[in-house]
Amino acid sequence: MNTSNAKPTHILVGLYLLMMLSFLAGFFLLSEWEGNIIRRSTSSSLQLKEGVVKMEDNHLIRDSPLRGSPDTPLPLAWLMSFPNSGTSYTITMVKKVTGRNTASNYGKESRGEDGMGVNVFAQNGTTAAGPPFWIDPTSRTLSHPTKGYILTKTHCGSRCNNCSVSKYVENHALFLQHCLEGRYNIKDHNGQITEKLGSYDKALVKRAVHLIRDPFDNVVSRFHLHYKNLVKKNRADQIAAYPRTREGFRRFCFDEGKRYYSDEKQSKFFKDVFDSVKDVPCHADFYRYIQWHNLAFTTTWDLNVPSIIVHYENYTDNFIETKDALLAFLGQDGIYDAPEFVTGKTYRDYYTADEIDAVSVLFSKLALEKTWHNTKHYFV
């Protein structure tokens, strides 16, 4: 055996140890470098949002505010909300404070000079059909955002009122589809108006603001919206049957529960929870609330977009911090005074202690960890 080129064993061992030390040193230096990036990129945001709004922990916010141009319009930041959880105030506050417009998936909330919705991405007088739409396209006091993200309202899916199980049970794919779409009107050359359903590419969505409200207040407020619609339609019989009171609410919920009793009892989606919640007023709306937030968290995770959580009560408890955190997340400047936030009434007394306990059990069985983590304080 020729050993003229063989290296002594102690030299090989030494080289191996030197290589390992170099690797470990590089690994620890890289880890420290990455750790510094994480601390630098998140410390200001987390400090600003501590106890006020929550930054989802699977994203690092490293970018500076984006600036738009005719060729590269600004991306969207969804305002995701289960209806009646603070959407209107959030939209109004951002517009008033920044002097910049916001958007919506829903054409009825946009009215241009011709009475039709104005698409966010329409340029130089051209038209682009479908959502999203500027909410106040003819406003003389609001201009379009020139940097950051366009706050865009979406209620997504799984939110119908007074409806059967098949109308609101959804999977993630269908929920996402609803997050991206909205109805709007178009006018043909004869002046005839037709309603259409349109949508946009999910790649336009780069951030999300997730609103959360006390589920009991949220459910009762949805009844109040239903009552308001009855008044608009002059439905005198139902207005009399379901007055805007605790008793009217409970009667409405009782009749809804009776109407869908068989549907829910036979549904596999209520299999493990039906008996415990069937007597809770508007129990189906709590199911929809849980499912909606479960799917909202799943959707932002799947899209891999940064998101923050804004709890409705923080507009009362920590208004300045909440406002500043939201504007920072949107990359928008606060210039003007914010409109007054009128604290909404709480409706916990519309429910008995046993009914509240039953809803808590429903949450414990159906809510994802993210949903439960962000709602459990409502049951303490």
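(A) Highlighting the overall build of the protein chain. Secondary structure summary: the protein chain contains 14 helices and nine strands in total. Within the protein chain, buried positions represent 46% of all 380 residues. Put simply, of all contacts in the protein chain between residues at least 6 apart along the chain, 77% involve residues at least 24 apart. Approximately 20500 Å² of the protein chain is accessible, and the part contributed by carbon and sulfur atoms is 53%.

(B) Quick peek at the environment of Phe252. When you line up the elements, Phe252 lands in helix H7 (residues 246-259). For Phe252, a relative accessible area of 8% puts it in the buried group. Sequence-wise, Phe252 and Asn162 are 90 residues apart; in three dimensions their C-alpha atoms are separated by 9.6 Å. Each residue touching Phe252, except ones within four places of it in the same chain, is listed here: Phe223, His226, Tyr242 and Cys282.

(C) Spatial organisation of the state of the cysteines. A complete count under the given rule lists three disulfides for this structure. Residue pairing for Cys156: its cysteine sulfur links by disulfide to Cys179, the two sulfurs lying 2.0 Å apart. Between Cys156 and Cys179 the disulfide shows an S-S torsion of about 110°. By sign, it is right-handed. Taken together, the positions of Cys156 in the loop between strand E5 (150-154) and helix H3 (165-168) and Cys179 in helix H4 (residues 172-179) put the pair 23 residues apart, joining distant regions of the chain. This pair shows no difference in class: Cys156 is buried, exactly as Cys179 is.

(D) Just unusual backbone geometry, in detail. With an omega of 0°, the peptide bond between Pro131 and Pro132 qualifies as cis. Residue position: Pro132 is located in the loop between strand E3 (103-104) and strand E4 (133-134). We note that Asn234 has phi near 55°; this positive angle belongs to a residue other than glycine. By secondary structure assignment, the location of Asn234 is in the loop between helix H5 (215-232) and helix H6 (236-241).

(E) Up close: a positive patch on the surface. A grouping of Lys108, Arg159, Lys228 and Lys232 is seen on the molecular surface, where their side chains present a positively charged patch. Summarising the element assignment, Lys232 is placed in helix H5. Classification of Lys232 as exposed rests on a relative accessible area of 65%.

(F) Representation of the pairing of strand E7 (residues 193-199) within the structure. Pairing of strand E6 (residues 181-187) with E7, which is carried by seven bridges, proceeds in the antiparallel orientation. Looking across to E7, one finds that Lys187 is bridged to Ile193.

(G) The arrangement of the packing of aromatic side chains in detail. Per the stated rule, a full pass over the model turns up 26 aromatic pairs. Measuring from centroid to centroid gives 5.8 Å for Phe82 and Tyr289, while their planes differ by 80°, and the two rings are edge-to-face. Remark: Tyr289 occurs in helix H10 (residues 283-303) and Phe82 occurs in the loop between strand E2 (76-80) and helix H2 (87-98); sequence separation between them is 207 residues. Grouping residues by exposure puts Phe82 and Tyr289 together as buried. On the numbers, 5.8 Å between centres and 50° between planes, the contact of Tyr289 with Phe363 is tilted. You can see Tyr289 sitting in helix H10 and its partner Phe363 sitting in helix H13 (residues 353-366), a full 74 residues away along the chain. Judged by its relative accessible area of 0%, Phe363 is buried. Across from the ring centre of Phe329, 4.9 Å away, lies the NZ or CZ of Arg207, which sits over that ring. Above the face of the Tyr312 ring, Arg213 is positioned so that its terminal group lies 4.2 Å from the ring centre.

(H) Broad picture of the nonpolar core. Ranked by size, the top nonpolar core spans 59 residues in total, and within it Trp78, Met80, Phe249, Phe286 and Tyr351 carry the most contacts. Excluding anything up to four places from it in sequence, Phe286 contacts Pro215, Phe216, Val219, Val280, Pro281, Tyr351, Val359, Leu362 and Phe363.

(I) Fine view of the packing of H4 against H10. Relative orientation of the contacting elements H4 and H10 amounts to 80°, with a least axis distance of 10 Å. With respect to each other, H4 and H10 are oriented roughly perpendicular. Every residue of H10 that contacts H4 at His172, Phe175 and Leu176 is listed here: Trp292, Leu295, Ala296, Thr298, Thr299, Asp302 and Leu303. A class-by-class count of the residues in the contact of H4 with H10 yields six nonpolar, three polar and one charged.

Criteria and cut-off values
- Residues numbered from 1 in each chain as written.
- Predicted model: local features only at pLDDT ≥ 70, side-chain atom pairs only at ≥ 80, totals over all residues.
- Heavy atoms only, no water.
- Helix = DSSP H or I, 4+ residues; strand = E, 2+ residues; numbered from the N terminus.
- Buried < 20%, exposed > 50% of the residue type's maximum accessible area, 1.4 Å probe, protein only.
- Contact = heavy atoms within 4.5 Å.
- Areas by Shrake-Rupley, 256 points an atom, 1.4 Å probe, with all protein chains shown as cover.
- Disulfide = S-S within 2.5 Å.
- Patch = residues over 30% accessible without salt bridge, like charges linked within 9 Å, V, L, I, M, F, W, Y side chains within 5 Å.
- Salt bridge = Lys/Arg side-chain N within 4 Å of Asp/Glu carboxyl O.
- Lys, Arg positive; Asp, Glu negative; His and termini not counted.
- Charge placed at Lys NZ, Arg CZ, Asp CG, Glu CD.
- Pairing = 2+ DSSP bridges.
- Phe/Tyr/Trp six-rings, centres within 6.5 Å; stacked < 30°, edge-to-face > 60°.
- Lys NZ or Arg CZ within 6 Å of the ring centre and 35° of its normal.
- Core = buried A, V, L, I, M, F, W, Y, C linked by side-chain atoms within 4.5 Å.
- Axes fitted to C-alpha atoms, helices over the stretch in contact; angles between N-to-C directions.
- Parallel < 35°, antiparallel > 145°, perpendicular 65-115°, else oblique.
- Nonpolar A, V, L, I, M, F, W, Y, C, P; charged D, E, K, R; others polar.

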